[in-house]
Amino acid sequence: MNRTRYLLAALLLVCFGALPGVSLALPQFARAVIYFDANDNIIGNQNLYCNNVREHAGNIDVANAYRVEFEYGCGDPIVSCDALGVCSTVGHNTVDSVAYFRSATGRTINNYCTDPTYPGGPFFNKKDCSLPAPSELSGIGAYSSGFGG
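If you're wondering where the values come from, they're calculated on a predicted model, not measured in any experiment.

Asks: What is the right way to read the state of the cysteines from this model?
Replies: Any covalent bond linking the sulfur atoms of two cysteines counts as a disulfide. All chains considered together, the criterion is met by two disulfides. Between the sulfur atoms of cysteine 50 and its disulfide mate cysteine 74 the distance is 2.1 Å. Taking the torsion about the sulfur-sulfur bond, which here is approximately -90°, the covalent link between cysteine 50 and cysteine 74 counts as left-handed. Placement of the pair is cysteine 50 in the loop between strand 2 (42-48) and strand 3 (54-58) and cysteine 74 in the loop between strand 4 (67-73) and strand 5 (77-81), with a sequence separation of 24 residues. Given a relative accessible area of 31%, cysteine 50 falls into the partly exposed group. Two residues, cysteine 81 and cysteine 87, share a disulfide whose sulfurs are 1.9 Å apart. For the disulfide bridge between cysteine 81 and cysteine 87, the dihedral angle about the S-S bond is near 105°, and by the sign convention the bridge is right-handed. Exposure remark for cysteine 81: the relative accessible area of 46% places this residue in the partly exposed category.

Structure representation (structure tokens):
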């Protein structure tokens, strides 16, 4: 009788313990995707935060190649090990980087950051062209949960 219970418990664990598409892991990087129109005006934004919360606003079209994608480290430990196998934490991943950028007008990410004709742009004079890790942008509508598009 006990053996039957164990087999049933194992079967339930196998069937329901590993549901496809369900992940509780937190992301290694937060992400912000900002979409542009043909004149490099911001038309949409998607954010993924380190706590796995997702939000979007404006015109989200994942097929739109005119966008910038930022990645922000979520503070995971950076571990280093010596030749004897002794490991220690030497810092935390808080790197901000531009993962993708394409402009309809031919600007580079550096042009977009420092172009004096674009002083009101969201990246003007920002370190590495990045906004605070990810943040809501004004003027594109209310934010909703999920990624949209």
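Asks: Would you mind going over the side chain of asparagine 47 with me for this structure?
Replies: Tracing the backbone through its elements, the reader meets asparagine 47 in strand 2. At a separation of 3.2 Å, a polar atom in the side chain of asparagine 47 contacts the side chain of asparagine 45. Side-chain polar atoms of asparagine 47 contact the backbone oxygen of serine 135, separated by 3.3 Å. The contacts of asparagine 47, once residues within four sequence positions are left out, are Arg31, Ala32, Val53, Arg54, Glu55, Pro134, Ser135, Glu136, Tyr143 and Phe147.

Asks: Any chance you could explain the pairing of strand 4 here in plain terms?
Replies: Along any regular strand the residues' side chains alternate between the sheet's two faces. Buried residues dominate strand 4, accounting for six of its seven residues. The sheet contact formed by strand 1 (residues 29-36) and strand 4 spans seven bridges and is antiparallel. Looking at the pairing, valine 33 lines up with glutamate 69 of strand 4. As judged from the six bridges shared by strand 4 and strand 7 (residues 96-102), these two strands associate in the antiparallel manner. In the strand pairing of strand 7, glutamate 71 is matched with serine 97.

Asks: Please explain the pattern of salt bridges as it appears in this structure.
Replies: When their charged atoms lie close together, side chains carrying opposite charge are able to pair. Applying the stated criterion to the full structure yields four salt bridges. Note that glutamate 69 is salt-bridged to arginine 67, the shortest N-O span being 2.5 Å. For the residue pair glutamate 69 and arginine 67, the accessibility class agrees, reading buried in each case.

Asks: What should I look at first to understand the nonpolar core in this one?
Replies: The nonpolar side chains of soluble globular proteins are, as a tendency, buried together. Grouped together as the largest cluster of nonpolar side chains are 18 residues, with contacts concentrated most on Ile34, Phe36, Val68, Phe70, Phe101, Tyr112 and Phe123. Only strand 1, strand 4 and helix 2 (109-114) provide two or more residues apiece to this core. The leading source of residues in this core is strand 1, at four residues. With residues up to four places along the chain from it excluded, the contact list for phenylalanine 36 reads Asn41, Ile42, Ile43, Asn64, Tyr66, Arg67, Val68, Phe101, Arg102, Tyr112 and Phe123.

Asks: I'm lost on the packing of aromatic side chains in this one. Help?
Replies: Applying the stated rule across the entire model yields four aromatic pairs. An angle of 55° between the planes, with centres 5.3 Å apart, marks the rings of phenylalanine 36 and tyrosine 112 as tilted. In this pair, phenylalanine 36 is assigned in strand 1 and tyrosine 112 in helix 2, connecting sequence segments 76 residues apart. You can call tyrosine 112 buried: its relative accessible area is 1%. When the ring of phenylalanine 70 is compared with that of tyrosine 72, the centres are 6.1 Å apart and the planes differ by 40°; the resulting orientation is tilted. The pair formed by phenylalanine 70 and tyrosine 72 is uniform in burial state, with each residue classed as buried. One aromatic cluster is present, built from ring pairs that chain together Phe36, Phe101 and Tyr112.

About the cut-offs
Residues numbered from 1 in each chain as written. Predicted model: local features only at pLDDT ≥ 70, side-chain atom pairs only at ≥ 80, totals over all residues. Heavy atoms only, no water. Disulfide = S-S within 2.5 Å. Helix = DSSP H or I, 4+ residues; strand = E, 2+ residues; numbered from the N terminus. Buried < 20%, exposed > 50% of the residue type's maximum accessible area, 1.4 Å probe, protein only. Polar contact = N/O pair within 3.5 Å; in protein donor to acceptor, adjacent residues only side chain to side chain. Contact = heavy atoms within 4.5 Å. Pairing = 2+ DSSP bridges. Salt bridge = Lys/Arg side-chain N within 4 Å of Asp/Glu carboxyl O. Core = buried A, V, L, I, M, F, W, Y, C linked by side-chain atoms within 4.5 Å. Phe/Tyr/Trp six-rings, centres within 6.5 Å; stacked < 30°, edge-to-face > 60°.

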